[in-house]
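Residue-level listing of the chains:
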Amino acid sequence: MECNTEDISTKFKNGEFTFTVIGLGRIGLPTASIIANKGAKVYGYDININAIEKLKAGISVIDEPGLDPIVKNVVSKNLLIPTNDPKEAISNSDIIIVCLPTPVTLDKIPDYSAIIECFNNISKYIKKGSLIIIESTISPGTVENLIIPLIEKNSNLKVIRDFGIASCPERANPGEIVTKFNEIPRIIGGIDSKSTKIVANIYKNIVDSNLILVSNPKTANAVKLTENIFRDVNIALINELAILFEKLEIDIFEIINAAKTKWNFVPHYPGAGVGGPCLPSNPYYLIQEAIKVDYVPHIIRFAREINDRMPHHLIELVMKSLNIIGKSVKSSKISVLGLSYKPNIADYQLSPAFPFVHELRKLGPIVQIYDPYFKGKSINDLYIENDLESTLTNADCLVFITDHDLFKKLDFNYILKFTNKPLIIVDGRNTFDIKSIPKNIIYRSIGRLLINNS
Ligand SMILES: NC(=O)c1ccc[n+]([C@@H]2O[C@H](COP(=O)([O-])OP(=O)(O)OC[C@H]3O[C@@H](n4cnc5c(N)ncnc54)[C@H](O)[C@@H]3O)[C@@H](O)[C@H]2O)c1
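This is a predicted model, so every value here is computed, not measured. (Residues numbered from 1 in each chain as written. Predicted model: local features only at pLDDT ≥ 70, side-chain atom pairs only at ≥ 80, totals over all residues.)

## Quick notes on the overall build of the protein
Here is the rule we go by: For helices the rule is a DSSP run of H or I covering at least 4 residues; for strands it is a run of E covering at least 2, with both sets numbered from the N terminus onward. Counting other C-beta atoms within 10 Å of each residue's C-beta, where C-beta atoms are placed from the backbone, gives the exposure class: buried for 20 or more, exposed for 12 or fewer, partly exposed between. A pair of residues counts as a contact when their C-beta atoms, built from backbone coordinates, are within 7 Å of each other.
Broken down by element type, the protein carries 17 helices and 16 strands. Reported as C-alpha extents along the three principal axes, the dimensions of the protein are approximately 75 × 50 × 40 Å. Counting every position in the protein, which comprises 454 residues, the buried fraction comes to 47%. Here the contacts in the protein between residues at least 6 apart in sequence split such that 72% fall between residues at least 24 apart.

## Notes on the packing of helix 13 (residues 310–324) against helix 14 (residues 353–362)
Our working definition: Axes, fitted as lines to C-alpha atoms, cover a helix only where it is in contact. Angles between the N-to-C directions of the axes lie from 0 to 180 degrees. An angle below 35 degrees is read as roughly parallel, one above 145 as roughly antiparallel, one from 65 to 115 as roughly perpendicular, and any other as oblique. Note: crossing handedness is left-handed where the near helix turns anticlockwise from the far helix by less than a right angle, and right-handed where it turns clockwise. In this classification, Asp, Glu, Lys and Arg are treated as charged, Ala, Val, Leu, Ile, Met, Phe, Trp, Tyr, Cys and Pro as nonpolar, and every other residue, Gly included, as polar.
Running from N to C, helix 13 and helix 14 cross one another at 45°; their axes reach a closest spacing of 8 Å. Classed by the angle they form, the pair helix 13 and helix 14 counts as oblique. Once helix 13 is placed against helix 14, the crossing between them reads as right-handed. Residues P311, H312, L314 and I315 of helix 13 lie in contact with helix 14, whose contacting residues are P355, F356, E359 and L360. The residue inventory of the contact of helix 13 with helix 14, partitioned by class, reads six nonpolar, one polar and one charged.

## Some details on the sheet that holds strand 5 (residues 131–134)
Short version of the rule: In this description, strands pair whenever DSSP reports at least two bridges between them.
As summarised here, the arrangement of the eight strands in space is 3-2-1-4-5-6-7-8, forming an open sheet in which the pairing is mixed. Of all strands in the sheet, those bounded by a partner on one side alone are strand 3 (80–83) and strand 8 (211–213). On average, each strand axis in the sheet is inclined to that of its neighbour by 25°, with strand direction left out of account. Sheet topology places strand 6 (residues 164–167) next to strand 7 (residues 186–190); two bridges connect them, and they run antiparallel. Looking at the pairing, A166 lines up with G190 of strand 7.

## Structural notes on the site of the ligand
Selection criterion: By definition, a residue lies near a molecule or strand when the C-beta atom built from its backbone is within 6 Å of it.
Near the ligand lie 26 residues; those nearest to it are G23, G25, I27, S136 and T137. Here the shell around the ligand takes three residues from helix 6 (residues 113–122), the largest share from any one element.

## Some points on helix 14
Within the sequence span of helix 14, burial applies to A353, F354, P355, F356, V357 and L360. Its buried side turned inward, helix 14 meets helix 13, strand 9 (333–337), strand 10 (366–370) and strand 12 (382–383). Note on helix 14: the residue one or two positions beyond its end, G364, has a positive phi of about 90°.

## Here we look at the nonpolar core
Heads up, the rule is: We call a set of buried Ala, Val, Leu, Ile, Met, Phe, Trp, Tyr and Cys residues a nonpolar core when their C-beta atoms link them within 7 Å.
Judged by nonpolar contacts, the single largest core of 72 residues is most densely connected at F19, I22, V42, I97, V98, I133 and V199. Residues within four places of I22 in sequence aside, it is in contact with G28, Y45, I96, I97, V98, C99, L100 and C118. By size, the runner-up hydrophobic cluster in this structure holds 40 residues, among which are A272, L314, L317 and V367.

## Things to note about the environment of A272
Here A272 lies in the loop between helix 10 (252–259) and helix 11 (282–292). The exposure class assigned to A272 is buried, which follows from the 30 C-beta atoms found within 10 Å. The spatial distance from the C-alpha of A272 to the C-alpha of H312 is 8.8 Å, given a sequence separation of 40 residues. The contact partners of A272, leaving out residues within four places of it in the chain, are M310, P311, L314, P352, F356, I401, G428 and R429.

## Some remarks on the pairing of strand 13 (residues 397–400)
Taking every second residue as pointing to the same face, both faces of strand 13 are buried, with C397 and V399 on one and L398 and F400 on the other. With four bridges connecting them, strand 9 and strand 13 associate as parallel partners. Paired with S335 across the two strands is L398, which belongs to strand 13. The pairing of strand 13 with strand 14 (residues 423–427) spans four bridges and is parallel. The residue of strand 14 that forms the bridge with F400 is D427.

## Overview of the domain arrangement of the protein
By a widely used convention, the size of an interface equals the accessible area lost when the partners come together. The following threshold applies: Each domain's extent was defined by an automatic or database domain assignment.
Split into domains, the protein comes out as domain 1 (5–215) and domain 2 (216–454). The straight-line distance from the C-alpha centre of domain 1 to that of domain 2 is 34 Å. Each partner contributes residues to the interface: domain 1 has 27 residues there, and domain 2 has 21 residues. Of all the elements in the fold, those that place two or more residues in the side of domain 1 that touches domain 2 are helix 7 (142–155), strand 6 and strand 7. For the side of domain 1 that touches domain 2, the class distribution of residues is 15 nonpolar, eight polar and four charged.

Laid out in structure tokens, this is it:
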């Protein structure tokens, strides 16, 4: 493939490039749909047969604002072709974008089984001259040491000579993946300068955002991990300070609000725990790479431990608060509000709600869970109640895990109509203005002073 900018733009506009996006999940489906919406022919390849059947009918399988009409449009125009057949997709494509899942195992080791299985299966169909773009999050060196050898072994093609490859790690924010698709700068690191340039020229036709070119795939992946580790470590620091200041009876929010007036203070906020597909797992990719070179990244490891312990801290706040009204956890009804790992989206991946509820249940209370995004559903071993009122009814304690807008708008007088009084509120997300806490409520938020209005 040639790397002349105008050439690539003209070919893209003339529909001369055919794409395959592999993995039509939260990242892959918006990516495939938006590229198809630009007029390119895109195969969407996934092993999930049910998802492909739905997509063939023009129905999105991902709950992401703005996505449904695009999927409907591009499937009806035959621009997006959902398929379970890798041969049909790959052998007809010039550009292959990989959006496969890369979770960590229970032992916190990066799990590249989807990538290995997929490339073992598809590499034989890759045409000479193809370009492969890895958007999945992977540790530095995975393109060089795992993916390229897999392709070369299964295809008889040689990297650089026969195919190009680059990492362009996805940095999207669920809930805004479509609406802000054009705003997020892309980090591009190719195996050689030609791969980098061609990928950059392809993305120029897909997004309006800045393109940041880095030396190689491993640098691009290190950028992605650094961003998420930076955030995880900063959240851990503020969580640690919040717990300490609770004990010293100093309000962490007063501190943050004052400290952020300094030019180089970056405010982060304490919370019930860190969830989602990226932050709780990405640090382990780098921790594993560090172990391989005999280095122990202490701060990264401790940050993970601190953030993983936050659900336990929430349980301590529940116990202490119930103590004030002379109730044990065992004899209480505790209602958990929020399953999503962040507000206003239907995504519960690695949500701190799971470890919180599991630990709480061991203490024997009645536990009910409500989340407007999962009403009436059983998720893993948790049942999400159908309605808020029955979740509130006779509750001794409410624990807010997610700050959905719907929860922020709740009126305390409405809540108190159903719950026992006094009511304990343990707020894992600083959902409420502490000045608004009325009579009959004992309120605790992470890092804040106890408000006892009983
Ligand atoms: N979800 C996010 O917020 C987010 C943000 C940034 C980066 N990422 C990264 O993007 C990548 C994709 O994440 P996601 O959230 O879209 O995952 P996902 O689980 O939503 O989707 C993955 C898709 O891949 C398919 N799949 C699995 N194995 C396959 C195989 N062997 N062949 C073909 N298809 C296969 C699955 O059926 C699924 O549809 C991951 O590396 C993730 O870390 C995700």
